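# Coordinates in review
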Amino acid sequence: MRLLAIDTAQTTCAAAVLVQDGDREHLVRRTQVIGRGHAEILLDMIGEVMAEAGFAFADLDRIAVTNGPGSFTGLRVGLSVARGFALVTHAPVVGVSTLDAIADELRGRSNGHPLLVTLSARENEVYVARFDGEGHADGAAHVALIEDLAAGLTPDYRLAGSAAPAIAAAAGLGADVVLTASAEADIGTIARLGLAAPADAPAPVPLYLRPPDAKPQTRGRIERI
C-alpha cells in the first residue's frame, strides 16, 4: 500500500508518503511550521516526498488529508489538493480528524483514563472531542465553552490539545492532567490513520464545527432593482 498524507489544518504544513508491505513500513516526510501560506509550499513539499519515495502519482493507492477542525483557509487548501490528485490518479481520498489523530498519539500515555482533546477556537470557545479509556470516540466532535467543559470535568480525565491548559486551570486541576498542549498531530500518525481507514470511507468534507469569522461585505453593495 502506498499512501500520500497531507496536513494543512493548523499552523503546520506537512506531507508524507507511507509505504507498507506486510510488516515493513517506510515513511518519507516533510513538515514545516508556517502559520499561513500553505498553498505556496504544499505542492513543492508533496513533490519532494514523492520523489524521495521513488513513486509516481499513478502509483498511489490512497490519499489521506486532515479535514479539521482547523483553519478555514488551510483546510480548503489541503482538501482541494487531495481531491485534485484523486481525480488524476483515481486513488480514493480519506479524511482524518485532527482531534482523532491527537487522541491516537496519546493512547499509550492516558493509562486507561478518558481523554478530552480540545483545540482553541475563538475567545472562550474550543473544539472538543471525548475519548474513552480505550481511545474510542465518545460522541461527536463539537464546539463548547471553556467554562462549561471545566464545570463538568471529573479528575479522572486527561487533557490534550492547545486549549488543555486553560481548561485544566478553569477546572482547578493540576498541570499533570495535561498530556500535551499541542494543536498538531504528527504527519506519520495521520498517514497511519489514513491507511487504517475503511476502504469504503466517505469522501472527506471539512469539519468546520462553527461558521467562519469572516462576514459577507454589505457596505457599498449595489442593490438589485
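Summarised in this report is the structure supplied together with it. Each residue is numbered by its place in its chain's sequence as written, counting from 1. Predicted model: local features are reported for residues with pLDDT of at least 70 only, side-chain atom pairs are reported and counted for 80 or more only, and whole-chain, interface and lining totals are derived from all residues. Here the side-chain values reflect all heavy atoms present in the structure, with hydrogen atoms and water set aside.

### Some remarks on the nonpolar core
Selection criterion: What is meant by a nonpolar core is a set of buried Ala, Val, Leu, Ile, Met, Phe, Trp, Tyr and Cys residues, joined one to another through side-chain atoms within 4.5 Å. Here the term buried applies to any residue with accessible area under 20% of the maximum for its type, exposed to any over 50%, and partly exposed to those in between, with areas from a 1.4 Å probe on protein chains only. Secondary structure elements are defined from DSSP: runs of H or I of at least 4 residues count as helices, runs of E of at least 2 residues count as strands, and each element is numbered from the N terminus.
Grouped together as the largest cluster of nonpolar side chains are 28 residues, with contacts concentrated most on I102, L115 and V117. When contributions to this core are tallied by element, the ones reaching two or more residues are β1 (2-7), β2 (12-21), β5 (93-97), α3 (98-105), β6 (115-120), β7 (125-131) and α6 (187-196). If you look at the next biggest cluster of nonpolar residues, it comprises 24 residues, including M50, V65, V81 and F85.

### Some remarks on unusual backbone geometry
Generally, phi is negative for residues other than glycine and the peptide bonds are trans, each holding for most cases. The omega torsion across G68 and P69 is 0°, close enough to zero to call that bond cis. Its place among the elements puts P69 in the loop between β4 (62-68) and α2 (72-89). Phi is positive for E123, which is not a glycine, with a value near 50°. Note that E123 resides in the loop between β6 and β7. Residue E123 is classed as exposed on the basis of its relative accessible area of 81%.

### Notes on the sheet that holds strand β10 (residues 178-180)
Let me state the cut-off plainly: At least two DSSP bridges between two strands are required for those strands to pair. Here an angle of 0 to 180 degrees is reported between the N-to-C directions of two axes, which are lines fitted to C-alpha atoms, with helices fitted over the stretch in contact. Two residues form a contact once any of their heavy atoms are found within 4.5 Å.
Taken in spatial order, the 5 strands make up an open sheet running β8-β7-β6-β9-β10, and their pairing is mixed. Edge positions in the open sheet fall to β8 (142-145) and β10, since each of these has one partner strand only. Neighbour-to-neighbour, the strand axes of this sheet turn through a mean angle of 35°, independent of strand direction. In terms of strand pairing, strand β9 (residues 158-160) meets β10 through 2 bridges, oriented parallel. Paired with A160 across the bridge in β10 is T180. Strands in contact with α3 are β6, β7 and β9; relative to β6, the strand with the most contacts, it is inclined by about 135°.

### Focus on the pairing of β1
Within β1, 5 of the 6 residues are buried, leaving the element largely enclosed by the surrounding structure. Relative to β2, β1 runs antiparallel, the two sharing 6 bridges. Paired with I6 across the bridge in β2 is A15. Hairpin geometry of β1 and β2 is characterised by an intervening segment of 4 residues between the two adjacent antiparallel strands.

### Here's the deal with the environment of V117
Along the chain, the position of V117 falls in strand β6. Judged by its relative accessible area of 0%, V117 is buried. The sequence separation of V117 and A166 amounts to 49 residues, and the corresponding C-alpha distance is 12 Å.

### Quick notes on the pattern of salt bridges
Test applied: Salt bridge, as applied in this entry: a Lys or Arg side-chain nitrogen positioned within 4 Å of an Asp or Glu carboxyl oxygen.
Counted under the stated rule, the structure contains 7 salt bridges. R30 is the salt-bridge partner of E48, the closest N and O atoms lying 3.1 Å from each other. Separated by 18 residues along the polypeptide, E48 in helix α1 (residues 38-53) and R30 in strand β3 (residues 24-33) bring together distant segments of the chain. Taking the shortest distance from any N to any O, the salt bridge between D104 and R107 comes out at 3.0 Å.

### Section: the sheet that holds β4
If you walk across this open sheet you meet the 5 strands as β3-β2-β1-β4-β5, and the pairing is mixed. The strands lining the two open edges of the sheet, one partner per strand, are β3 and β5. If you compare each strand with its neighbour and ignore which way they point, the axes differ by 20° on average. Contacts from α1 reach β1, β2 and β3, with the element oriented near 25° to β2. Lying on the sheet, α3 is in contact with β4 and β5; it crosses β5 at an angle near 65°.

The values reported here are purely geometric and, on their own, carry no functional implication.
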